[in-house]
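# Working through the structure, step by step
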Amino acid sequence: MKTIKINLGDRSYPIFIGQKLFKEYALIADYINNKRVAIVTNTTIEPLYLSEIKKLLGHEDILSIVLPDGEKYKTHESLNSIYDQLLANKYGRDSLLIALGGGVIGDITGYAAATYMRGIDFIQIPTSLLSQVDSSVGGKTGINHSLGKNMIGAFYQPKCVLINIDVLKTLPDRELSAGLAEVIKYGLIRDASLFDWLEKEMDNLMNRNPEQLMHAISVSCENKASVVSEDEFESSKGIRATLNLGHTFGHAIENAMGYGNWLHGEAVACGMVMASYMSMKHGWLTINDFERIKKIIKSARLPSTPPDLSREQFLGLMQSDKKTLDGKINLILQKGIGHAFITNEYSETILLETISQKTFGE
Ligand SMILES: NC(=O)c1ccc[n+]([C@@H]2O[C@H](COP(=O)([O-])OP(=O)(O)OC[C@H]3O[C@@H](n4cnc5c(N)ncnc54)[C@H](O)[C@@H]3O)[C@@H](O)[C@H]2O)c1
Ligand SMILES: [Zn+2]
């Protein structure tokens, strides 16, 4: 097992990563003591892992809140149903929420914890690869609004994160690939040696070899921990913004195609190809590195060809994404593999050329 610490003063917390962690009560005992516990999960995860978690906790008085599965339920209604059940069961300020599921469950539960009775404790038990390497770490919580994704939320840190890699055995293939997109992202933005390692080990990761999964998750969490410790609240030109590499292009794709048709990680993968194409056209990335990026995305069975959108539609959607600086779209671009930066000083002609490409040459 490995422990990674998120250093945020009195909001610091550990991330435990390993196998068979659902048998390690000692890891979470300190956070459970004298608390009333409620587990929030969904209808897919409930039959797979809820009883194991209840057994881990050991005590009788545990409320299970089971939400329907899917991004479309990351809503105010789901959030309200958590409040309703906590209130109906007289859960007070000494309660603890446990988020058991992927990023959707983690984000809603974190926000419920941030707001219920002005804030109660919560623990993340992420079960998708994406939530293990990204969403469960760093304290962004929230829900969607009909006018925009993740528009309502709060920064609120968990007490600890328990990452049991055994649960990845039941994760659907497409979801595994989507999670790998975020792992590749850390390599591209700040960790060239992770990128080199991924080039060698991608087949093992795709085969869910525990040793390689353990490494990919640990290194990803270390990278995220270090970024978040430096820039917890994502200041406008701060380092946390670089975690959005590929996301402005990706959000436009997700939005245009209808949420759920392209998974977030799939859209981000294609977005990273687009950002690296743009970087190459500025002379900031070599052709060889651009080819390596396309190749690794392909080897994780992720798309690098954008859907057929008009230039106007693409640009409109990118402009409505929230990351604009001085009126011009703010982009995360690359100077070589392992170094990303935020800028609005780029050629608009190259941006237009990038979003007009039907293929990036595979
Ligand atoms: N808070 C953040 O910093 C942050 C960062 C990135 C993404 N997010 C959010 O995370 C969400 C996406 O997360 P996600 O990709 O985990 O999606 P998700 O929560 O919808 O999970 C994907 C699917 O896999 C299923 N699943 C999860 N674990 C499983 C397992 N072990 N076995 C079988 N099935 C399993 C889920 O039930 C779901 O059907 C989005 O809402 C996004 O906005 C948040
Ligand atoms: Zn993402």
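Going by the structure above, here's the rest.
A brief report on the enclosed structure follows.

Scoring rules and cut-offs
- Residues numbered from 1 in each chain as written.
- Chains lettered and ligands numbered in written order.
- Predicted model: local features only at pLDDT ≥ 70, side-chain atom pairs only at ≥ 80, totals over all residues.
- Heavy atoms only, no water.
- Helix = DSSP H or I, 4+ residues; strand = E, 2+ residues; numbered from the N terminus.
- Expected span 1.5 Å × (residues − 1).
- Buried < 20%, exposed > 50% of the residue type's maximum accessible area, 1.4 Å probe, protein only.
- Arc of directions from axis to C-beta.
- Donors = N, O, S within 2.8 Å, 3.2 Å for Na, K, Ca; no water.
- 1 Å grid on protein atoms, 1.4 Å probe; cavity = no way out; pocket = protein on both sides within 12 Å on 5 of 7 lines; lining within 4 Å.
- Points joined across faces, edges and corners; volume = space filled by probe spheres on them.
- Nonpolar A, V, L, I, M, F, W, Y, C, P; charged D, E, K, R; others polar.
- Phe/Tyr/Trp six-rings, centres within 6.5 Å; stacked < 30°, edge-to-face > 60°.
- Lys NZ or Arg CZ within 6 Å of the ring centre and 35° of its normal.
- Pairing = 2+ DSSP bridges.
- Near = heavy atom within 4 Å.
- Polar contact = N/O pair within 3.5 Å; in protein donor to acceptor, adjacent residues only side chain to side chain.
- Areas by Shrake-Rupley, 256 points an atom, 1.4 Å probe, with all protein chains shown as cover.

A few words on helix H11 (residues 287–299). For H11, with 13 residues, the first-to-last C-alpha span of 18 Å sits near the 18 Å given by 1.5 Å per residue. For H11, the set of buried residues is Asp289, Phe290, Ile293, Lys294, Ile296 and Ile297. Viewed end-on, H11 has its buried residues packed into an arc of 165°, placing them on one side of the element. Exposed residues pointing more than 90 degrees away from the buried face of H11 are listed as Ile287, Asn288, Lys295 and Lys298. Two residues or fewer after H11 comes Arg301, characterised by a positive phi angle close to 50°.

A few words on the coordination of the zinc ion (ligand 2). Protein coordination at the zinc ion (ligand 2): the donors are Glu182 (OE), His247 (NE2) and His264 (NE2), at 2.1 Å from the metal. Taken in chain order, the donor set of the zinc ion (ligand 2) reads E-x64-H-x16-H. Of this pair, Glu182 sits in helix H6 (residues 173–190) while His247 is found in helix H9 (residues 247–257), placing the two residues 65 residues apart along the sequence. The burial state of Glu182 is the same as that of His247; both residues are buried.

It is worth spelling out empty space enclosed by the protein at this point. Evaluated as defined, the whole model comprises two cavities of 30 Å³ or more. Considering only enclosed or pocket space, the largest cavity measures out at about 40 Å³ in volume. Contributing to the lining of the largest cavity are Asn42, Leu67, Pro68, Asp69, Gly70, Tyr73, Val104, Ile105 and Ile108. Broken down by element, the lining of the largest cavity gets its largest block of residues, three residues, from helix H4 (residues 103–115). A class-by-class count of the residues in the lining of the largest cavity yields six nonpolar, two polar and one charged.

Turning our attention to the packing of aromatic side chains. Throughout the structure, instances matching the rule amount to seven aromatic pairs. Summarising the aromatic geometry, the rings of Tyr83 and Tyr116 are spaced 6.5 Å apart at their centres and angled 20° between planes, so their arrangement reads as stacked. Taken together, the residues Tyr83 in helix H3 (residues 76–88) and Tyr116 in the loop between H4 and strand E6 (121–126) connect sequence positions 33 residues apart. Pair check on accessibility: Tyr83 and Tyr116 agree, each one buried. Of the aromatic side chains, those joined through ring pairs into one cluster are Tyr277, Phe290 and Phe360. Here the guanidinium or amino end of Lys328 rests over the ring plane of Tyr346, the centre of that ring lying 4.4 Å away. Stacked on the ring of Phe341, the Lys or Arg Lys335 has its end atom at 4.5 Å from the ring centre.

By secondary structure assignment, the location of Asn255 is in helix H9. Measuring from C-alpha to C-alpha, the distance between Asn255 and Lys149 comes to 9.3 Å, with 106 residues separating the pair along the chain.

So, about the layout of surface pockets. To find leftover empty space, one rolls a probe the size of a water molecule over the atoms. A volume near 150 Å³ is recorded for the second largest pocket. Around the second largest pocket, the lining residues are Glu199, Lys200, Met202, Asp203, Arg292, Lys295, Ile296 and Ser299. Within the residue set of the lining of the second largest pocket, elements represented by two or more residues are helix H7 (192–206) and H11. Grouping the amino acids of the lining of the second largest pocket by side-chain chemistry returns two nonpolar, one polar and five charged.

Another point: the pairing of strand E2 (residues 13–18). In the case of a regular strand, side chains alternate between the two sheet surfaces. Counted residue by residue, E2 has six buried out of six residues, so it is predominantly covered. Going residue by residue along E2, you find Tyr13, Ile15 and Ile17 tucked away on one face and Pro14, Phe16 and Gly18 tucked away on the opposite face as well. Sheet topology places strand E1 (residues 2–6) next to E2; five bridges connect them, and they run antiparallel. In the sheet register, Lys2 faces E2, and the bridge partner there is Ile17. Count of turn residues in the E1/E2 antiparallel hairpin: six residues, of which Gly9 carries a positive phi of about 55°. Sheet topology places E2 next to strand E9 (residues 160–164); four bridges connect them, and they run parallel. Bridging across to E9, Gly18 finds its partner in Asn164.

So, about the site of ligand 1. Close to ligand 1 lie 26 residues; Asp69, Glu71, Lys74, Ser128 and Thr170 are nearest. Between ligand 1 and Asp69, the relevant distance is 2.7 Å, taken from an oxygen atom to a side-chain nitrogen or oxygen of the residue. Here an oxygen atom of ligand 1 sits 2.8 Å away from a polar atom, N or O, in the side chain of Lys74. Expressed as a share of its isolated accessible area of 860 Å², the protein-covered part of ligand 1 is 88%. Contributing elements (two or more residues each) for the shell around ligand 1: helix H2 (46–57), H4, helix H5 (129–135) and strand E8 (148–155). Here the shell around ligand 1 is built from residues that sort into eight nonpolar, nine polar and nine charged.

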